[in-house]
Amino acid sequence: MIPGRLKWNSITLKRGITSEMDMWKWRKLVEDGQIKDARKNGSVTMYDHKMTPIAKWDFVNAWPSKLTGPSANANANEVGIEELVITHEGYQRTQ
């Protein structure tokens with residue numbers, strides 16, 4: 001039996017607003033049509049409450065397919081959240 005085409009879920013990362021512009025610069029490469037430069041390999045590591053790594057996933061040929069900033073609401077007292085959706089060509093759990 002031969003398996004069908006593999007399908008990978010996108011990776012969604014969220015963080016509170018910081019002064020860092022790394023995600024926005026990465027997304028700008030895609031917007032400017034520099035797809036080859038935008039493709040990156042990377043890892044997502046999960047930590048426990050003592051900051052000990054407990055799981056890790058490595059992904060390949062990833063690019064930022066969606067990036068959103070916080071919604072503006074002057075009446076709310078909430079932390080602004082940035083959300084990054086990463087599309088990739090596969091990942092595997094390595095830890």
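Up top you'll find the structure we're talking about.
Quantities reported herein were computed from a predicted structural model and do not represent experimental measurements. (Residues numbered from 1 in each chain as written. Predicted model: local features only at pLDDT ≥ 70, side-chain atom pairs only at ≥ 80, totals over all residues. Heavy atoms only, no water.)

Explain the packing of aromatic side chains residue by residue, including any values.
Throughout the structure, instances matching the rule amount to one aromatic pair. Pairing W8 with Y91 gives two aromatic rings, centres 5.2 Å apart and planes at 55°, and the pair type is tilted. Of this pair, W8 sits in the segment before β1 (11–16) while Y91 sits in strand β5 (residues 91–93), placing them 83 residues apart in sequence. With relative accessibility at 31%, the residue Y91 sits in the partly exposed group. (Phe/Tyr/Trp six-rings, centres within 6.5 Å; stacked < 30°, edge-to-face > 60°. Helix = DSSP H or I, 4+ residues; strand = E, 2+ residues; numbered from the N terminus. Buried < 20%, exposed > 50% of the residue type's maximum accessible area, 1.4 Å probe, protein only.)

Can you explain the nonpolar core? Please cite residues and give values.
Nonpolar side chains tend toward joint burial in soluble globular proteins. I11, M23, W26, V30, A38, F59, A62, L67, L84 and I86 together form the largest nonpolar core, which totals 10 residues. Ignoring any residue separated from it by four or fewer positions in sequence, one finds I86 in contact with S10, I11, L13, W26, F59, A62, W63 and S65. (Core = buried A, V, L, I, M, F, W, Y, C linked by side-chain atoms within 4.5 Å. Contact = heavy atoms within 4.5 Å.)

Would you mind going over the pattern of salt bridges in detail, with residue names and values included?
Taken as a whole, this structure holds six salt bridges when the rule is applied. A salt bridge links D22 to R15, with the shortest nitrogen-to-oxygen separation between them at 3.0 Å. Overall, the relative accessible area of 43% leaves D22 in the partly exposed class. As a salt-bridge pair, R15 and E82 come within 3.0 Å of each other at their nearest N and O atoms. (Salt bridge = Lys/Arg side-chain N within 4 Å of Asp/Glu carboxyl O.)

I'd like to hear about helix α1 (residues 22–31), residue by residue, with values.
In an α-helix there are 3.6 residues to a turn, and that puts residues three or four apart on one side. For α1, every residue scored as buried is listed here: M23, W26, R27 and V30. Projection of α1 onto a plane perpendicular to its axis shows the buried side chains occupying an angular sector of 95°, all on one side. Exposed residues on α1 whose side chains face more than 90 degrees from its buried face are K25 and E31. Residues of α1 that are buried make contact with β1, α2 (35–38), β2 (40–47), β3 (53–68) and β4 (81–87). Where α1 terminates, the next one or two residues include G33, which has phi positive at roughly 80°. (Arc of directions from axis to C-beta.)

Outline the environment of E31, supporting the account with residue identities and numerical values.
Of note, E31 is situated in helix α1. Judged by its relative accessible area of 52%, E31 is exposed.

Before we move on, could you go through the side chain of H88 and cite the residues and values that matter?
Its place among the elements puts H88 in the loop between β4 and β5. What makes H88 buried here is its relative accessible area of 10%. Within the local environment of H88, its side chain forms a polar contact with the backbone nitrogen of G90, the two atoms lying 3.1 Å apart. Excluding residues within four positions of it along the chain, H88 makes contact with W8, N9, S10, I11, F59, V60, N61 and A62. (Polar contact = N/O pair within 3.5 Å; in protein donor to acceptor, adjacent residues only side chain to side chain.)

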